[in-house]
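# Residue-level structure breakdown
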Amino acid sequence: MKIYLLNGVDAGRGFELNKSTVKLGRETDNDVSLCTGGVSRYHAELQRTDSGIWMVSDLGSTNGTKINGKVIERPQALVEGDVISLGDQNIRFGGKKDLALDVAEVLRSDADLVSSVPKVIFHTAPPPSTPEPPVRPVISIKPAETTVALTDKDLPSIPEKTDLSIFENKNLNLFQKKKKSDSVKGEAEKKGRRLSSTLLFYTSIVALIACFAAGFHYFNKETGKAPAPESDSKKPAPPFMLYYVKENVEGDNIFRFSLEINGGKAVFNVDDLKSRRRYTRTVDRVQLAYLEALQREIRKTDFFALEPEHTGASQPGSSSERRLLIANEKKMNDVTVKDTYAPNSFDAITQAIDGFSAHYNLYTIAMTVEEIMKIARDDFNNAEDLYRNRDANPANLLKAIALYDLVVENLDPFQPKPEIWERARKQRQDAEAIRTKMATDLDFEYNRRIRLQDYEGAQEMLVQRINILPQNSKEYETAIERRLKLDRIIRDQRKKR
């Protein structure tokens, strides 16, 4: 998975998300350093859960973090195509398709804020040699009963080669020499030799300077970079223990959440009397990267210097109590906060605990029923909007399915199940059935156009199919390979015309 910058001095630049935790901010020691206005030193964090879902969380930034224009107040799941806004920096999460159009749109929006009259025309259209076909609503075509699906062997054989499309212009010869008359040829050759000697001398000087600068940059980069972490299988878990309890009493309901981490093992517990929500999950071996991320957040605070008791006056019929015990790096503190505001460092660690829980798809586990239901309703409504707009953009189906899954997963511990849980489950099944049929129809049409040697039409069907395939599926990988082969076939056909 990748992210792409949509504006700023590095507009169009992509970053591979090859780590389970990726930090973004203004400082250079972030995984992605952003030199754009409104970005805090350590602004936001992307985290990949064990099930492959990417979550984004704000790290207490000044201007907050937005997803598709909405400020987030908790770790939120990402789906491909989402736009993350950190201050003035817009970032697209997911594939690179239509990236140039996205960049141009963001630049136009920024220009409109400054002046209603555009002053600069920013051409970001893809090169003519590799056009990106527009995505149009799919026309369902019922496959014949005797259809035999084609494999990659049915595509014309095209030898693999390096893409040198910038040299394919036959009218451009970088090494072409102009003809000269015999009368001036000798003198020109002498001048050419003198010029070549001069150019060789200055080229050598420039090369030496470039090598020195590259070496200096590499030395600074390597010396300022933390050593590569060892794999979880070889590096033992550091001594660390954490025990967190959250209890709320509201009228006739008692809610209790606890998390215990000890010896690389984590145990989550929820007991909600009114909703009869009881849940226990044990993770026998927590990933070392998750533990280290949690410990880093703890080290940023002054938790070990806090007083053990923070007590206020309780309200009639309600009470709340939180306890946090941490033993780490030869230090230990046990802090209880009852019916009052918690110190900043206490709250910072509980937010880090929410992020830790999100790795195991449990980011709502410490929330009350009202908080979870509000999140579920928001996710369901967003999923419904995407589902209704599937004809305008078939890729919305994938986003809707991901949100329906979140609603079902977050409400699954409830007994009995809320009505919205059943509605989300049914809508998810309907959306998946539509997506599967669309993919089948597009595959049939793709094969039909391959038989007719209509490779550009086949490419268009393939692009639409890629947009509705899960990125972690074998079908998606196969479709990408076919797309690359078709690109080469179409380029070779155009050169022969």
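Residues numbered from 1 in each chain as written. Predicted model: local features only at pLDDT ≥ 70, side-chain atom pairs only at ≥ 80, totals over all residues. Heavy atoms only, no water.

## Some remarks on the overall build of the protein chain
Scanning the protein chain for helices and strands turns up nine helices and 18 strands. Buried residues in the protein chain amount to 39% of all 497 residues. In the protein chain, the share of contacts with a sequence separation of at least 24, taken over all contacts with a separation of at least 6, comes to 57%. Working note: accessible area of the protein chain is about 29800 Å², and carbon and sulfur atoms make up 54% of it. (Helix = DSSP H or I, 4+ residues; strand = E, 2+ residues; numbered from the N terminus. Buried < 20%, exposed > 50% of the residue type's maximum accessible area, 1.4 Å probe, protein only. Contact = heavy atoms within 4.5 Å. Areas by Shrake-Rupley, 256 points an atom, 1.4 Å probe, with all protein chains shown as cover.)

## Some remarks on the environment of Ala358
Relative to the helices and strands, Ala358 resides in helix α4 (residues 344-358). Placed 308 residues apart in sequence, Ala358 and Asp50 show a C-alpha to C-alpha distance of 9.4 Å.

## A few points about the nonpolar core
Of all hydrophobic cores here, the largest spans 42 residues; its most connected members are Tyr404, Leu411, Tyr446 and Leu486. Of all elements in the fold, only α5 (369-388), α6 (396-411), α7 (419-451), α8 (455-466) and α9 (474-496) reach the threshold of two or more residues within this core. (Core = buried A, V, L, I, M, F, W, Y, C linked by side-chain atoms within 4.5 Å.)

## With respect to the pattern of salt bridges
Summed over all chains, the structure comprises 23 salt bridges. Arg428 is the partner of Glu432 in a salt bridge, and the nearest nitrogen-oxygen pair spans 3.9 Å. Placement of both Glu432 and Arg428 in helix α7 is noted, with a separation of four residues, approximately one turn of the helix. Of the charged contacts, one joins Glu456 and Arg494 as a salt bridge, the two residues approaching to 3.1 Å between their closest N and O atoms. Here Arg494 lies in helix α9 and Glu456 lies in helix α8, a separation of 38 residues in the sequence. (Salt bridge = Lys/Arg side-chain N within 4 Å of Asp/Glu carboxyl O.)

## A short note on the packing of aromatic side chains
Within a pair of aromatic rings, the relevant descriptors are the distance that separates the centres and the angle that separates the planes. Following the criterion strictly, the structure yields four aromatic pairs and no others. Stacked on the ring of Tyr387, the Lys or Arg Arg390 has its end atom at 4.3 Å from the ring centre. The ring of Trp421 carries Lys417 above its face, with NZ or CZ at 5.4 Å from the centroid. (Phe/Tyr/Trp six-rings, centres within 6.5 Å; stacked < 30°, edge-to-face > 60°. Lys NZ or Arg CZ within 6 Å of the ring centre and 35° of its normal.)

## Describing the sheet that holds strand β9 (residues 76-77)
The five strands are arranged β4-β3-β5-β6-β9 in an open sheet whose pairing can be described as mixed. Two strands lie at the open edges of the sheet, namely β4 (32-33) and β9, each paired on one side alone. With two bridges connecting them, strand β6 (residues 54-58) and β9 associate as antiparallel partners. Residue pairing in the sheet places Val56 in a bridge with Gln76 of β9. (Pairing = 2+ DSSP bridges.)

## Concerning the packing of helix α3 (residues 288-299) against α4
Taken N-terminus to C-terminus, the directions of α3 and α4 make an angle of 165°; their axes are 9 Å apart at the nearest point. Compared by their axis directions, α3 and α4 come out roughly antiparallel. The handedness of the crossing between α3 and α4 is right-handed. Along its contact with α3, which presents Tyr290, Leu294, Glu297 and Ile298, the element α4 presents Ile349, Ala352, Ile353 and Phe356. Here the residues of the contact of α3 with α4 sort into seven nonpolar, no polar and one charged. (Axes fitted to C-alpha atoms, helices over the stretch in contact; angles between N-to-C directions. Parallel < 35°, antiparallel > 145°, perpendicular 65-115°, else oblique. Left-handed = near helix turned anticlockwise from the far one by under 90°. Nonpolar A, V, L, I, M, F, W, Y, C, P; charged D, E, K, R; others polar.)

## Observations regarding the pairing of strand β12 (residues 240-250)
One face of the sheet, then the other: side chains in a regular strand alternate in exactly this way. Direction of pairing for β12 relative to strand β17 (residues 318-328): antiparallel, over a ladder of eleven bridges. In the sheet register, Val245 faces β17, and the bridge partner there is Arg323. Of the pairings in the sheet, the one linking β12 to strand β13 (residues 253-262) comprises ten bridges and is antiparallel in character. Paired with Lys246 across the two strands is Phe257, which belongs to β13. In this antiparallel pair of consecutive strands, β12 and β13, the connection spans two residues, and Gly251 shows a positive phi of 60°.

## Digging into the sheet that holds strand β7 (residues 65-67)
Sheet architecture is open: six strands sit in the order β2-β1-β11-β10-β7-β8, paired in antiparallel fashion. Two strands lie at the open edges of the sheet, namely β2 (14-16) and β8 (70-71), each paired on one side alone.

## Quick notes on the environment of Val39
Inspection of the secondary structure assignment puts Val39 in the loop between β4 and β5 (44-48). The exposure class assigned to Val39 is buried, which follows from its relative accessible area of 4%. Distance from Val39 to Glu27, taken between C-alpha atoms, is 9.6 Å for residues twelve residues apart in sequence. Excluding residues within four positions of it along the chain, Val39 makes contact with Gly25, Arg26, Leu34, Leu86, Gly87 and Gln89.

## Thoughts on the packing of α7 against α8
Two elements in contact, α7 and α8, have axes separated by 8 Å at closest approach and are oriented at 165°. Comparing their axes, α8 and α7 come out roughly antiparallel. Where α7 crosses over α8, the two elements pack in a sense that is left-handed. Residues Ala439, Leu442, Asp443, Glu445, Tyr446, Arg449 and Ile450 of α7 form the contact with α8, whose own contacting residues are Tyr455, Gly457, Ala458, Met461, Leu462, Gln464 and Arg465.

## Quick notes on α7
If you check α7, its first and last C-alpha atoms are 49 Å apart, about what 33 residues at 1.5 Å a residue would give, namely 48 Å. Gln453 occupies a position one or two residues after α7 and carries a positive phi of about 60°. (Expected span 1.5 Å × (residues − 1).)

## Regarding α4
For α4, built from 15 residues, the straight-helix expectation of 21 Å at 1.5 Å per residue is met to within 8% by its first-to-last C-alpha distance of 21 Å. Among all positions of α4, only Ser345, Phe346, Ile349, Thr350, Ala352, Ile353, Gly355, Phe356, Ser357 and Ala358 are buried.

## Details of the confidence of the model for the protein chain
Considering every residue of the protein chain, the mean pLDDT works out to 75; 69% of them sit at 70 or more. Note on residues 106-150: pLDDT is under 50 here. Beyond four places in sequence and across chains, it has 56 contacts. Per-residue pLDDT stays below 50 along residues 222-234; that stretch engages in six contacts with residues further than four places along the chain or on separate chains. (pLDDT = per-residue confidence, 0-100.)

## Quick word on the side chain of Asn328
With respect to the helices and strands, the residue Asn328 is situated in strand β17. Among the polar contacts made by the side chain of Asn328, one reaches the side chain of Gln295 at a distance of 3.1 Å. Leaving out residues up to four positions away in the same chain, Asn328 has contacts with Pro239, Phe240, Gln295 and Phe304. (Polar contact = N/O pair within 3.5 Å; in protein donor to acceptor, adjacent residues only side chain to side chain.)

## Overview of a nonpolar patch on the surface
Judged by side-chain polarity, Val249, Ile254 and Leu273 come together as a nonpolar surface patch covering roughly 240 Å² of accessible area. Relative to the elements of secondary structure, Ile254 occurs in strand β13. (Patch = residues over 30% accessible without salt bridge, like charges linked within 9 Å, V, L, I, M, F, W, Y side chains within 5 Å.)

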